[in-house]
Amino acid sequence: MFISALELFKIGIGPSSSHTMGPMLAAHTFIQSLKHHLPQQSEKHQIRCTLKGSLSATGKGHATDRAVALGLHGYLPKEVADHDLDVLTQRIWSSSFITIHDEQRVAFCATSDIIFDTGKSLPEHPNGMIFELLDDVGNVIVSETYFSIGGGFVNTASEIKQLVAPLKMKNDASVPYAFDNAQVMLDMAEKSGMSIAAMKQTNETQTLTQQTLDDGLDKTWQAMTQCIKRGLNTEGILPGGLEVARRAKQLSQKLAAENNTNMNDWLCAYAMAVNEENAAGHMVVTAPTNGAAGVIPAVLYYFINHEKGTAQDVRDFLLTASAIGGIIKHNSSISGAEVGCQGEVGSAAAMAAAGLCAVRGGTPAQVEHAAEMALEHHLGMTCDPVGGLVQVPCIERNGFGAIKAYTAASLAMHGTGEHFMSLDNCIAAMKQTGEEMSVKFKETSLGGLAVTIVEC
Ligand code: SF4
């Protein structure tokens, strides 16, 4: 299935694409759908949202309730990125009504009408949420179930049923290079003589003008750069109660003062800058998720600023990375709640490795090899965020993801592209590992690092 680079890289807010941006979009979609279901006098009707599974387990730490309330009040992730969220949240929290389409009011209280249901997950997906409109005597008159499937993407119950049907998704005939796995992508590249970025660009321009695509990619990169710069210039304690201190600013200042040219240190500083911004609930770009939002910007920022990359390199990098991200999302998952952190930071590293290899002049086979290596060495990585916050281990983990991505791209450039394990096999291994991974390690904070901290 074709996924646009501009869908995969979405500008929004932290701390989580699946637990913040997805629920906000779902809430917004639900409220928009109500227009024809509301009577003239709707003030005694009420909206209720029930969060299930992982959204319930770690939703408080991921600010899912804030996201749902914002979405119900008509905000979308990309629109709130430049707002003062504290002020907005305070206003929403003190309100007991939602105004729909500037006309009708429905009762909604963010503190009591969002329910964290710690019972069983919905069978279709761990990130389920049920939105309901109740009449004046409490009868449910409209109900819709949504699933936040990672990266800010949302499906309704009927959509997700189609997605889980075995081998349901086939090549999308609407684009000329409809590769839905890495082998098909390589075959098409060989036959056409085109790079992965060029094939992706051709696909994109079936529905977008070249100008729209270029503007979108440039805007994505500006937002990523802004995130790095904000993170490198902000210090203090991150919200949520863990008392985790920001470190990116101090680290980058120290590196600059020492004239330090150690690539690993700089990659960590850039990646951590982004993920500290994400943890603070500020603007970030899903790459492919919020939890893993630091890897791709760090690698690309390093390449542009330390290795003199060009504006065209930025576009080619993002197009190549999104081609790989689309294949991973299509054949496995980019959601920590579904397959653990291998699907988030592992996927981000594979995408970044592919992008870097491409702009360094790698062949499609070398690009595929780079992505494979970066993903392979994240297999099995669990998602166990302490306190349900996207801070420990997430912030440092992005630094390590960036380092692995860089190493994978370099190693691939030293080879011919021929290698033992294919990217497709590696993605299949990630899927199987994720399916067999205990739910404790899939963004529930019920196992691993999340339970090894003994509270005083
Ligand atoms: S551990 Fe990984 S998958 Fe889990 S919230 Fe953190 S970054 Fe996301």
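Treat the numbers as computed from the prediction; the structure is a model and nothing was measured. (Residues numbered from 1 in each chain as written. Predicted model: local features only at pLDDT ≥ 70, side-chain atom pairs only at ≥ 80, totals over all residues.)

S.K.: What should I look at first to understand the overall build of the protein chain in this one?
M.R.: Looking only at helices and strands, the protein chain has 19 helices and nine strands in total. The C-alpha radius of gyration computed for the protein chain amounts to 22 Å, which stays within 12% of the reference 23 Å derived for 456 residues, consistent with globular compactness. Along the longest, intermediate and shortest principal axes, the C-alpha atoms of the protein chain span 70 × 55 × 45 Å. The proportion of buried residues among the 456 residues of the protein chain is 53%. Of all intrachain contacts in the protein chain linking residues separated by at least 6 positions in sequence, the fraction that spans at least 24 positions is 78%. (Helix = DSSP H or I, 4+ residues; strand = E, 2+ residues; numbered from the N terminus. Rg over C-alpha atoms; globule rule 2.2 N^0.38 Å. Buried ≥ 20, exposed ≤ 12 C-beta atoms within 10 Å, placed from the backbone. Contact = placed C-beta atoms within 7 Å.)

S.K.: It is not clear to me how the site of the ligand should be interpreted in this structure. Could you clarify?
M.R.: In the region of the ligand, 13 residues are neighbours, and Gly-291, Gly-336, Cys-341, Cys-383 and Cys-394 sit closest. Its residues assigned to classes, the shell around the ligand shows eight nonpolar, two polar and three charged. (Near = placed C-beta within 6 Å. Nonpolar A, V, L, I, M, F, W, Y, C, P; charged D, E, K, R; others polar.)

S.K.: Teacher, can you tell me more about the domain arrangement of the protein chain here?
M.R.: Reports often express the size of an interface as the amount of accessible area lost when the parts come together. Structurally, the protein chain comprises domain 1 (5-164) and domain 2 (182-451). For domain 1 versus domain 2, the distance between C-alpha centres works out to 28 Å. Listed as interface residues are 30 residues of domain 1 and, on the opposing side, 44 residues of domain 2. Listed by contribution, the elements that provide at least two residues to the side of domain 1 that touches domain 2 are helix H1 (5-8), strand S1 (11-13), helix H2 (17-33), helix H3 (53-58) and strand S7 (140-150). No other element matches the four residues that H2 contributes to the side of domain 1 that touches domain 2. (Domains from an automatic or database assignment.)

S.K.: Teacher, can you tell me more about unusual backbone geometry here?
M.R.: A negative phi angle characterises most non-glycine residues, just as the trans form characterises most peptide bonds. At the junction of Gly-14 and Pro-15, the peptide bond is cis and its omega measures out at 5° in the coordinates. Mapped onto the elements of the fold, Pro-15 is located in the loop between S1 and H2. Phi at Lys-308 is positive, roughly 60°, even though this residue is not glycine. Along the chain, Lys-308 falls in the loop between helix H13 (295-306) and helix H14 (311-331).

S.K.: I keep staring at helix H4 (residues 64-72) and nothing clicks. Help me out?
M.R.: Residues lying three or four places apart along an α-helix face the same way, a consequence of the helix completing one turn every 3.6 residues. Extensive coverage of H4 is indicated by the burial of nine of its nine residues. Among the residues making up H4, those that are buried are Thr-64, Asp-65, Arg-66, Ala-67, Val-68, Ala-69, Leu-70, Gly-71 and Leu-72. A positive backbone phi angle near 95° is found at Gly-74, which sits one or two residues after H4.

S.K.: Any chance you could explain the packing of H13 against helix H16 (residues 345-359) here in plain terms?
M.R.: Packed helix pairs are specified by the crossing angle of their axes together with the interaxial distance, meaning the distance between the axes. Where H13 meets H16, the axes come as close as 8 Å, and the angle between the chain directions of the two elements is 25°. Between H13 and H16, the interaxial angle falls into the category roughly parallel. With respect to the hand of their crossing, H13 and H16 are arranged in right-handed fashion. Contacts from Val-295, Ile-296, Val-299, Leu-300 and Phe-303 in H13 reach Val-345, Ala-348, Ala-349, Met-351, Ala-352, Gly-355, Leu-356 and Val-359 in H16. (Axes fitted to C-alpha atoms, helices over the stretch in contact; angles between N-to-C directions. Parallel < 35°, antiparallel > 145°, perpendicular 65-115°, else oblique. Left-handed = near helix turned anticlockwise from the far one by under 90°.)

S.K.: Would you mind showing me how to read the environment of Ile-304 here?
M.R.: Turning to its location among the elements, Ile-304 is positioned in helix H13. What makes Ile-304 partly exposed here is the crowd of 18 C-beta atoms within 10 Å. On a C-alpha basis, the gap between Ile-304 and Val-314 in space is 7.9 Å, while along the polypeptide they are ten residues apart. Beyond its immediate chain neighbours, meaning those up to four positions away, Ile-304 contacts Gly-309 and Val-314.

S.K.: Would you mind going over the nonpolar core with me for this structure?
M.R.: As a rule of thumb, nonpolar side chains are buried together in soluble globular proteins. Counting 133 residues, the largest nonpolar core has Val-295, Val-299, Ala-352, Ala-353 and Ala-405 as its most contacted members. At twelve residues, the largest contribution of residues to this core is made by H16. Two domains share this core, each providing at least three of its residues, namely domain 1 (5-164) and domain 2 (182-451). (Core = buried A, V, L, I, M, F, W, Y, C linked by C-beta atoms within 7 Å.)

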